[in-house]
Structures are given as structure tokens and as C-alpha cells.
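Here are the chains, one letter per residue:
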Amino acid sequence: MEPPKGAKVVTTNVAKIWITDENIVIRKSYPGSVTSLDNAVENVEATAKLSNHTRLPLLVDMRKIKGISGEARNYYTKADNISALALWVDSPLSMLIGNFFIGLNKTIIPTKIFTKESNAMKWLKKFLEK
């Protein structure tokens, strides 16, 4: 998954972030990245900037990440600039990280793990503000 031609893209130290034509934020983590608290703050700020501080659903492509710190997981659970969170995984490692995120940190928004992008996008569309 890559941003469509002409999309506004923000790059952080660990991810590329953009908004789809359907107003869903996509955060594609870089292969082998490990997200620290500083990276989490940067990602949340980039998402808020892209969305003009409007709450939109977020799809996080976690398929190639190496890890995420406990501090970063905790910070993400308190971010209030998204309406729902879909974690896209495809390996035992990314599934483990996703399950840790959901199991150890109670989120304030609906959060779900998916192994297929299309299923994640369909679920996220339910959280678009009308």
C-alpha cells in the first residue's frame, strides 16, 4: 500500500502517513522500525496535522515493524485525534505486537486487528463522521 499520486504525505522517523480519498488516515511503518515514545509523539502530531485536527479513523500497517516500546503503546492509547484504530498484521511477530497493544493498554477508541487490508478499511468506514 502506497499513497495515491498527489496525496499529501508526512514522513516521520518510523512511518509514512497520509489520508485516503475516503478520509481514512494510513500510517505505514517502515520495515524493521522500533517505535519509541518520541516516535509515537511524532506520529500522533503528524496525524493531527494531516487531518486538520479532525478525528478520523486510522489504519496502521504493522506488517514489517520490529517492535514498539511500552511507553509508546501507552501514549498511543491516550491519543484522542482518531475515531477508530485498525492494526494490519501479517506475521506472528506483528500479531504478537498488535495483541500486546490491545491486551496491555486499554484504548479509548474502538481498536481491532486485521490480517487483510480490505477488511480493515471496511470496518474503519463505519467510524467516519457523517
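Up top is the structure these notes are about.
What counts and how
- Residues numbered from 1 in each chain as written.
- Predicted model: local features only at pLDDT ≥ 70, side-chain atom pairs only at ≥ 80, totals over all residues.
- Heavy atoms only, no water.
- Helix = DSSP H or I, 4+ residues; strand = E, 2+ residues; numbered from the N terminus.
- Buried < 20%, exposed > 50% of the residue type's maximum accessible area, 1.4 Å probe, protein only.
- Contact = heavy atoms within 4.5 Å.
- Areas by Shrake-Rupley, 256 points an atom, 1.4 Å probe, with all protein chains shown as cover.
- Pairing = 2+ DSSP bridges.

### Quick word on the overall build of the chain
When its secondary structure is counted, the chain shows four helices and eight strands. Scanning the chain from its N terminus toward the C terminus, one meets helices and strands in the order β-β-β-β-α-β-β-α-β-α-β-α. Counting only residues that meet the buried cut, the chain has 48% of its 130 residues in that class. When contacts within the chain are restricted to residue pairs at least 6 apart in sequence, those whose partners lie at least 24 apart make up 74%. A total accessible area of about 6900 Å² is found for the chain, and carbon and sulfur atoms account for 53% of it.

### Quick notes on the pairing of strand 2 (residues 15-19)
In the case of a regular strand, side chains alternate between the two sheet surfaces. Burial analysis of strand 2 places four of its five residues in the buried class, which makes it a mostly covered element. Across three bridges, strand 1 (residues 9-11) lies against strand 2 in antiparallel orientation. Across the sheet, the residue bridging to Val9 is Trp18, located in strand 2. Between strand 1 and strand 2, which follow one another and run antiparallel, lie three residues. Pairing between strand 2 and strand 3 (residues 25-29): five bridges, direction antiparallel.

So, to be careful, I would describe these as geometric facts and stop short of saying anything about function.
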